[in-house]
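Observations on chain architecture
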Amino acid sequence: MKPINVGLLGIGTVGGGTFTVLSRNEAEITRRAGRPIRVTQVADKNLELARQVTGGKVAVTDDAFAVVSNPEIDIVVELIGGCGIAKELVLKAIENGKHVVTANKALLAMHGNEIFAAAQKKGVMVAFEAAVAGGIPIIKALREGLTANRIQWIAGIINGTTNFILSEMRDKGLTFDVVLKEAQRLGYAEADPTFDVEGVDAAHKLAIMSAIAFGIPMQFDKAHIEGISKLEAADIKYAEQLGYRIKLLGITRRTPDGVELRVHPTLIPARRLIANVEGAMNAVLVQGDAVGATLYYGKGAGAEPTASAVIADLVDVTRMQTADPEHRVPHLAFQPDQMDDLKVLPIGEVRTGYYLRMRVEDKPGVLADITRILADQQISIDAMIQREPAEDETQTEIIMLTHIVREKQVDAAMRLIEALPVVTGKIVRLRLEELS
Ligand code: HSE
């Protein structure tokens, strides 16, 4: 059986894991794929590292373009990351008629439409299971396992760094800054953790899931993104008192008016399974009209969990490469000429529940003023608590949960409430999803 030849671009954490798992499970993988899958060339700037990881058994080069132009290579695995050289290499590999496997969520979220169009034209596959939620086979589930369904919504914990930080803040009552340092020490967060903590990494993954769930183009640029860096420990505590946990969720939902595409800290009922996903773990909840709710849980990062997804793609591509391109699973789950042009809703049009925390004078009539404004905006209160003021305090805090309402109505109410002389400072506003 002629082996399939793989060229690996980048032999860092995931590249190393891919090499290790392919070697360790070679016999099992060959039995599944129908032919051996061999890494025959590796490109990395660090040649010494490449030689060390591959044990001198594979040709190494510091010129990644040599790999994508090597006529012996059947599949290029891109594990460089980012949208610079990685984009050039992926497009070049496609142009050279090679199939591509990538873990690069930023590249697909931002340039996926161009990349898939090029691949379509050339009749090659671009597989990307490792780009979303690491080892969890969520792309396979959305694209194939749930293919009978009209998918209604997806809500996911798709960034392990932020989930670790939120878990630690809740468990230990620590502030964001303290836990972030701990996450960096443990190697969860990047040295520059901005993409993680500001929700950008989660939004990349969400844009990819949204596209394959609803058959729409990648629309990362229209996603509403809020991270966790401004989240206060007090809100985690109040949420807990009200029976909720705060998670950084990526949410995409099909509505009659368009698609919601948003990443933000979200209150979810503590009794939901997904609310109990702790530490650096990932989980994705998918609601389909036929199947109902399905939940996928596992490691969203790390050498071997991500390698598991990369190799699953390698096996898929190996099996399908002799198939006529028309009979392969489409890149974005739907046939390319059947894509929908559903628009992404601006955040003001999103409908959800809200958590509002405001600092107010502790005197008669204050609550009446606030509830009058909410009523005028058709906002219905679901639950409320008031912090008991200390003896010498003249101010207190009111925390309210609302029923589902359009965000722009909440914005309007907040402006009016903040203008009341009995209200001090800005209202803390978080979104709330019942996920039922
Ligand atoms: N930085 C990502 C996370 C890992 O924290 O989940 C890979 O996507």
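Here the structure is a predicted model, which means the values were calculated and not measured.

From N to C terminus, the chain includes 15 helices and 17 strands. Here the C-alpha radius of gyration of the chain, 24 Å, is about what a compact globule of 436 residues would show, namely 22 Å. For the chain, the spread of C-alpha atoms along the principal axes amounts to about 85 × 45 × 35 Å. With 436 residues in all, the chain has 54% of them scored as buried. Sequence separation of 24 or more characterises 73% of the internal contacts of the chain that already satisfy a separation of 6 or more. Separation between the mean location of the 49 positive side-chain charges and that of the 56 negative ones in the chain comes to 4 Å.

Here the focus is the site of the ligand. Taken together, 10 residues lie near the ligand, and Lys105, Gly160, Thr161, Asp196 and Lys205 sit nearest. In this structure, an oxygen atom belonging to the ligand sits 2.6 Å away from a side-chain N or O atom of Lys105. Side-chain polar atom of Lys205 to an oxygen atom of the ligand: 2.8 Å apart, as the coordinates give it. Look at the ligand: alone it shows 260 Å² of surface, and the protein chains cover 84% of it. For the shell around the ligand, the elements supplying multiple residues, two or more each, are helix H8 (160–172) and helix H11 (200–214). Residues that form the shell around the ligand fall into these classes: one nonpolar, four polar and five charged.

This part is about the pairing of strand S15 (residues 395–402). Consecutive residues of a regular strand have side chains that alternate between opposite faces of the sheet. Of all the eight residues making up S15, eight are buried; the element is thus mostly covered by neighbouring parts of the structure. Alternating residues of S15 divide into Gln395, Glu397, Ile399 and Leu401 and Thr396, Ile398, Met400 and Thr402, and every residue in both groups is buried. The pairing of strand S13 (residues 351–361) with S15 spans seven bridges and is classified as antiparallel. In the sheet register, Arg357 faces S15, and the bridge partner there is Ile399.

Moving on, we come to the packing of aromatic side chains. Scanning the model with the defined rule gives one aromatic pair in all. Between Phe116 and Phe128, the ring centres sit 5.5 Å apart and the planes meet at 50°, which makes this aromatic pair tilted. Of this pair, Phe116 sits in helix H6 (residues 105–122) while Phe128 sits in the loop between strand S6 (126–127) and helix H7 (138–145), and the two are 12 residues apart along the sequence. Among the residues examined, Phe128 registers a relative accessible area of 1% and is labelled buried. The ring of Tyr238 carries Lys237 above its face, with NZ or CZ at 5.3 Å from the centroid.

Okay, the pattern of salt bridges next. One pass over the structure, following the stated rule, counts 35 salt bridges. In this structure, the salt-bridge partner of Arg357 is Glu397, at a minimum N-O distance of 2.6 Å. With Arg357 in strand S13 and Glu397 in strand S15, this residue pair connects regions lying 40 residues apart in the sequence. Among the salt bridges present, the one from Arg387 reaches Glu397, with a minimum N-O distance of 3.6 Å.

By way of backbone hydrogen bonds, the strands of a sheet pair with one another, either parallel or antiparallel. Reading across the sheet, the six strands line up as S3-S2-S1-S4-S5-S6 and stay open at both edges, with parallel pairing between neighbours. Bordering the open sheet on either side are strand S3 (59–61) and S6, each of which pairs with just one other strand. With two bridges joining them, strand S5 (residues 99–102) and S6 adopt parallel strand pairing. Bridge pairing in S6 links Val101 to Ala127.

Three or more residues of helix H5 (residues 85–95) are buried, namely Ala86, Lys87, Leu89, Val90, Ala93 and Ile94. Down the axis of H5, the buried side of the element spans an arc of 165°, and every buried residue falls inside it. Buried residues along H5 sit in contact with strand S1 (4–9), helix H4 (64–68), strand S4 (75–78), S5, H6 and S6. In the stretch just after H5, Gly97 is the one whose phi turns positive, near 80°.

A positive phi angle, near 60°, is found at Ala133, a position not held by glycine. As for its placement among the helices and strands, Ala133 is situated in the loop between S6 and H7. Notably, Ala333 is not glycine yet its phi reads approximately 75°, a positive angle. Examined against the element boundaries, Ala333 turns out to sit in the loop between helix H13 (303–320) and S13.

Here is what the cut-offs are and how they apply
- Residues numbered from 1 in each chain as written.
- Predicted model: local features only at pLDDT ≥ 70, side-chain atom pairs only at ≥ 80, totals over all residues.
- Heavy atoms only, no water.
- Helix = DSSP H or I, 4+ residues; strand = E, 2+ residues; numbered from the N terminus.
- Rg over C-alpha atoms; globule rule 2.2 N^0.38 Å.
- Buried < 20%, exposed > 50% of the residue type's maximum accessible area, 1.4 Å probe, protein only.
- Contact = heavy atoms within 4.5 Å.
- Lys, Arg positive; Asp, Glu negative; His and termini not counted.
- Charge placed at Lys NZ, Arg CZ, Asp CG, Glu CD.
- Near = heavy atom within 4 Å.
- Polar contact = N/O pair within 3.5 Å; in protein donor to acceptor, adjacent residues only side chain to side chain.
- Areas by Shrake-Rupley, 256 points an atom, 1.4 Å probe, with all protein chains shown as cover.
- Nonpolar A, V, L, I, M, F, W, Y, C, P; charged D, E, K, R; others polar.
- Pairing = 2+ DSSP bridges.
- Phe/Tyr/Trp six-rings, centres within 6.5 Å; stacked < 30°, edge-to-face > 60°.
- Lys NZ or Arg CZ within 6 Å of the ring centre and 35° of its normal.
- Salt bridge = Lys/Arg side-chain N within 4 Å of Asp/Glu carboxyl O.
- Arc of directions from axis to C-beta.

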